[in-house]
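As a plain string of letters, each chain reads:
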Amino acid sequence: MAEIRFHNTLSGKTEAFAPLTAPDVRMYTCGPTVYDYAHIGNYRTFVFQDILRRFLKLRGFRLNHVMNLTDVDDRIIANAAAKGVSIRDYTEKYAQAFFDDCKALSIEAPEHWIRATDHINDMVQLIQRLQEKTYTYPSEGSIYYRIAKFPDYGKLSKIDVSGIQAGARVDVDRYEKESARDFALWKAPKPGEHFWDTPIGRGRPGWHIECSAMAMKYIGETLDIHTGGIDLAFPHHENEIAQSEAATGKPFVRYWLHAEHLLVEGEKMSKSLGNFFTLRDLFSKGYKPSALRFALASVPYRRQLNFTFDGLQQATSAVERLRNFAERLSQGKFPPGRQPGMAERVNQAVAGFDAGLSDDLNTAMALAAVFDLVRDANIAIDKGEFRQEDAAAAQKFLSTFDRVFAVLKDDDETKLRELGYGTAAEGLSDAEVEKLVAERQAARKRRDFAASDRIRKELADRGILLEDNRDGSVRWKRK
């Protein structure tokens, strides 16, 4: 197997990956801020994080993985107040939607899914540690972090802080690079806002302190991997480093991995341009979860992904091609033995797949290895040159592939129905389809072609397509 190498945002270099205490990997991934439904740009990052997690597990590492749900920040506070509901009541709908969307995209649950509002005491304790070390100062009931006291500030995002005015503060959670200033660790409540009554005063945490406190609570003071979108490198991750390392005196994260932005049809996604999509927007247009996962995973995470509907259609076809090949391997009747050279061809695919993912999760390279094998194997099958041992080796490789990419299982319709998106085949279970297929086979056997055609049409009208194989067997799939 190839050496695993990741591009570390902190060093700016691609480095060999070696966790502190192998085979254990301590990984923290920034999850959604649950003030609204997550969009496909968010899910580009979440799918990348899932590919990373799955590949490390495939390589035998043992994950202790934390993903947070930010359920208190400026936007949530404002939206909850506007609706006159509690923070938890406001965010619960969007948190559940996120869990449902992850299930639809086959994103594995981490070892810990945690919410900021469940860890206020941990944040208060971390702020108290920073107070004891004089990294903070109070102002009008809030508590700020003094970045001038942390000489390494800017080492992740490489911003120049030399011109920062001493004592200049910023109160909002999100800001542009030119606004690098002392940031709020604890915010005094405004009239009508929700607050917590704590030893450091009434208020609520700033966004940045949340991740530092929760990461260290669950996986220690030095993490192996921290990931997120590139937009989080500054200010969020820069501030996490400043807080955490000031409190502990230890390196906070050894490998920082950041996913690049997603464009839509070549433009930045925005509601004003009408190109802003949630998963549910795409599911309602008839696109499958597997196709969306494949599209989001197909471009290496450090390259911008230009999301297009043509590309999504190509992803749909790619998944179908993989599923057809898997079905062909499982249903085909091949002569015993092996074809000279095919075993080596499978081994080449295995090596290429591993080399691609080991090279900073180069998913494009890994997928090329898969589809090259699919092409060559299909040619051999068509020529009658494929053998039983070749099929077994190819099936084993496909199983390895799917442990990472997770698109082979034909369960899109079930997932969509669970989310409330019906299809023409809604209400027709797999068992019911199999029963009708068997009835059609029986009709064909007794040469009742009128009945056979009627059943085929009934299935087609309900979104089920039949494929008659040369050996007399039948394969079916949902549209």
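Cut-off values and rules
- Residues numbered from 1 in each chain as written.
- Predicted model: local features only at pLDDT ≥ 70, side-chain atom pairs only at ≥ 80, totals over all residues.
- Heavy atoms only, no water.
- Axes fitted to C-alpha atoms, helices over the stretch in contact; angles between N-to-C directions.
- Helix = DSSP H or I, 4+ residues; strand = E, 2+ residues; numbered from the N terminus.
- Parallel < 35°, antiparallel > 145°, perpendicular 65-115°, else oblique.
- Contact = heavy atoms within 4.5 Å.
- Nonpolar A, V, L, I, M, F, W, Y, C, P; charged D, E, K, R; others polar.
- Core = buried A, V, L, I, M, F, W, Y, C linked by side-chain atoms within 4.5 Å.
- Buried < 20%, exposed > 50% of the residue type's maximum accessible area, 1.4 Å probe, protein only.
- Pairing = 2+ DSSP bridges.
- Salt bridge = Lys/Arg side-chain N within 4 Å of Asp/Glu carboxyl O.
- Phe/Tyr/Trp six-rings, centres within 6.5 Å; stacked < 30°, edge-to-face > 60°.
- Lys NZ or Arg CZ within 6 Å of the ring centre and 35° of its normal.

Here's the deal with the packing of helix 1 (residues 40-58) against helix 8 (residues 289-298)
It is the contact of helix 1 with helix 8, at a shortest axis distance of 9 Å, that shows an interaxial angle of 80°. Considered as vectors, helix 1 and helix 8 are oriented roughly perpendicular to each other. Side by side, helix 1 and helix 8 meet where I40, Y43, R44, V47, D50, I51 and R54 of the first sit next to R293, L296 and A297 of the second. By residue class, the composition of the contact of helix 1 with helix 8 is six nonpolar, no polar and four charged.

Focus: the nonpolar core
Ranked by internal contacts, the top residues of the largest apolar core, which has 136 residues, are Y43, L56, Y145, I225 and F353. In terms of residue count, helix 11 (residues 363-382) provides more of this core than any other element does, ten residues in total. Non-local contacts of Y43, meaning those with residues more than four positions away in its chain, are made with A38, F98, D101, C102, L105, I107, L279 and L296. Among the nonpolar cores identified, the runner-up in size contains nine residues, and L436, I455, I464 and W476 belong to it.

Quick word on the sheet that holds strand 16 (residues 305-307)
The pairing of strands in a sheet comes from backbone hydrogen bonds and takes either a parallel or an antiparallel form. Spatially, 15-14-16 is the arrangement adopted by the three strands of the open sheet, whose pairing is mixed. Looking at the sheet topology across the chains shown, the edges are occupied by strand 15 (267-268) and strand 16.

A short note on the pattern of salt bridges
Scanning the model with the defined rule gives 40 salt bridges in all. The closest approach of N and O atoms between E467 and R475, which form a salt bridge, is 3.5 Å. Among the ionic contacts, a cluster of salt bridges with common partners joins D50, R53, R54, K57, E108, E111 and R293.

Some remarks on the packing of aromatic side chains
Inspection of the entire model under this criterion finds 26 aromatic pairs. Seen in terms of ring centroids, F294 and F371 are 6.2 Å apart; in terms of plane orientation they differ by 90°. Their pairing is edge-to-face. Residue F294 is found in helix 8, and its partner F371 is found in helix 11; the two are separated by 77 residues along the sequence. Seen from their ring centres, F307 and F309 are 5.9 Å apart, and the 75° between their planes marks the pair as edge-to-face. Residue F307 is classed as buried on the basis of its relative accessible area of 2%. Among the residues examined, F309 registers a relative accessible area of 24% and is labelled partly exposed. By the ring-pair criterion, three or more aromatic residues cluster together here, those being Y43, F46, F98, F99 and W113. The ring centre of Y35 lies 4.0 Å from the NZ or CZ of R75, which sits over that ring. Above the ring of Y135, the side-chain terminus of K149 is found at 5.1 Å from the ring centroid.

Notes on the sheet that holds strand 5 (residues 112-115)
Pairing within the open sheet is parallel, and its five strands lie in the order 5-4-3-12-13. Unpaired on one side and paired on the other, strand 5 and strand 13 (253-259) mark the two borders of the sheet. Strand-to-strand twist in this sheet, taken as the mean axis angle between neighbours without regard to direction, amounts to 20°. Here three bridges tie strand 3 (residues 24-29) to strand 12 (residues 223-229), and the two strands are oriented parallel to one another. Note that in strand 12 the partner of Y28 across the bridge is H226.

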